[in-house]
Amino acid sequence: MRTGPSDRVEGPLLELRQSDFRGVLADGILSSGKPYEIRFSDRSAVQDGVHLIITFPGSDALTATDAGEAVAILVEYVTTHPLPVDCGFRVLQNFGALLNRPQPHVHAIVPGSEEERRSAPRFVDPWERS
């Protein structure tokens, strides 16, 4: 049975990022028994917002069920915070295709302002009409 995400630290995500927090924000266990951790990404794709990543310590691969569950967990975690309500967020998955980080992981990128959302092409929704 899946657990978490359980918060390991409290406070607004922006304040934690601005304080240079580098530890685990939240963690838990997938239904398959694999542990996961949610952290700030070391390389942020946004200046005003937050860039989160969920990783799986000790796991080199995930099953399709694990991968789907990981995306759902990260979305669940992100949407418990007020920032994405104002500016939206984008989830990007990588289950082993990146050469510089072949371990499975999922990103959640949350812009910190409407200006950042408009200026970052990665936040343009093809279904949106301006």
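Structure first, text after, so check above.
What you are looking at is a predicted structure, and each value in this text was computed from that prediction instead of being measured. Positions within a chain are numbered from 1, following the residues in the order the chain's sequence is written. For a predicted model such as this one, the threshold for reporting local features is a pLDDT of at least 70, and the threshold for listing and counting side-chain atom pairs is 80 or more; totals across whole chains, interfaces and linings nevertheless cover every residue. Calculation of side-chain values draws on the structure's entire complement of heavy atoms; hydrogens and water are dropped beforehand.

Caption draft 1: Region of interest: the side chain of Ser59. Helical segments are the DSSP runs of H or I of at least four residues, strand segments are the runs of E of at least two, and each set is numbered from the N terminus. Relative to the helices and strands, Ser59 is located in the loop between strand S4 (50-55) and helix H2 (64-78). Contacts are assigned to residue pairs with any non-hydrogen atoms lying within 4.5 Å of each other. Apart from the residues within four sequence positions on either side, Ser59 is in contact with Lys34 and Pro104.

Caption draft 2: Inspection of the nonpolar core at higher detail. Judged by nonpolar contacts, the single largest core of 23 residues is most densely connected at Leu25, Ile38, Leu52 and Ile54. Secondary-structure elements contributing two or more residues to this core are helix H1 (13-18), strand S3 (35-40), S4, H2 and strand S6 (105-110). If you tally residues by element for this core, the top one is H2, at five residues. Among buried residues, those of type Ala, Val, Leu, Ile, Met, Phe, Trp, Tyr and Cys that are joined through side-chain atoms within 4.5 Å constitute a nonpolar core. When a residue's accessible area, from a 1.4 Å probe over protein chains only, is under 20% of the maximum for its type it is buried; when over 50% it is exposed; and in between it is partly exposed.

Caption draft 3: Structural detail: unusual backbone geometry. The linkage connecting Gly4 with the following residue, Pro5, adopts the cis geometry, with an omega of 10 degrees. Positive phi outside glycine occurs at Asp20, with the angle close to 65 degrees. Within the secondary structure, Asp20 is located in the loop between H1 and strand S2 (26-29). Take Asp20: its relative accessible area is 52%, and that puts it in the exposed class.

Caption draft 4: Examining H2 more closely. Given a helix with a known number of residues, its expected span is that number minus one, times 1.5 Å. The end-to-end C-alpha distance of H2 is 21 Å, a good match for the 21 Å that 15 residues give at a rise of 1.5 Å each. Regarding H2, the residues found buried are Asp66, Ala67, Glu69, Ala70, Ile73, Leu74, Tyr77 and Val78. For H2, the angular spread of buried residues about the axis comes to 165 degrees, placing them on one side. Opposite the buried face of H2, at more than 90 degrees from it, the exposed residues are Ala64 and Thr65. This arc is taken over the directions from the axis of the helix to the C-beta atoms.

Caption draft 5: Structural context of the environment of Leu83. Mapped onto the elements of the fold, Leu83 is located in helix H3 (residues 83-87). On the basis of relative accessibility, which here comes to 14%, the residue Leu83 falls in the buried class. Remark: the alpha-carbon pair of Leu83 and Val50, spanning 33 residues in sequence, is separated by 8.9 Å. Once residues lying within four places of it in the same chain are set aside, the contact partners of Leu83 are Leu14, Gly49, Val50, Gly88, Val110, Pro111 and Gly112.

Caption draft 6: Geometry of the environment of Ser41. By the secondary structure assignment, Ser41 is in the loop between S3 and S4. Residues Ser41 and His107, 66 residues apart in the sequence, show an inter-C-alpha distance of 8.0 Å. In this structure Ser41 touches His51, Leu52 and Ile53, once residues within four positions along its chain are discounted.

Caption draft 7: Molecular detail of the pattern of salt bridges. Should a side-chain nitrogen of Lys or Arg be within 4 Å of a carboxyl oxygen of Asp or Glu, the pair is scored as a salt bridge. The final tally for this structure, using the stated rule, is five salt bridges. Residues Arg22 and Asp20 are paired through a salt bridge, measuring 3.5 Å at the closest nitrogen-oxygen approach. In this structure, Arg22 and Asp20 share a single accessibility class: exposed.

Caption draft 8: Layout of the pairing of S3. Pairing geometry for S2 and S3, over four bridges, is antiparallel. Across the sheet, residue Gly28 finds its bridge partner in S3, namely Tyr36. Here the rule is simple: two strands pair whenever DSSP picks up at least two bridges between them. Hairpin connection from S2 to S3: five residues lie between these consecutive antiparallel strands, with Gly33 at a positive phi of about 100 degrees. Bridging between S3 and S4 involves four bridges; their strand directions are antiparallel. Considered in S4, the bridge of Ile38 is made with Ile54.

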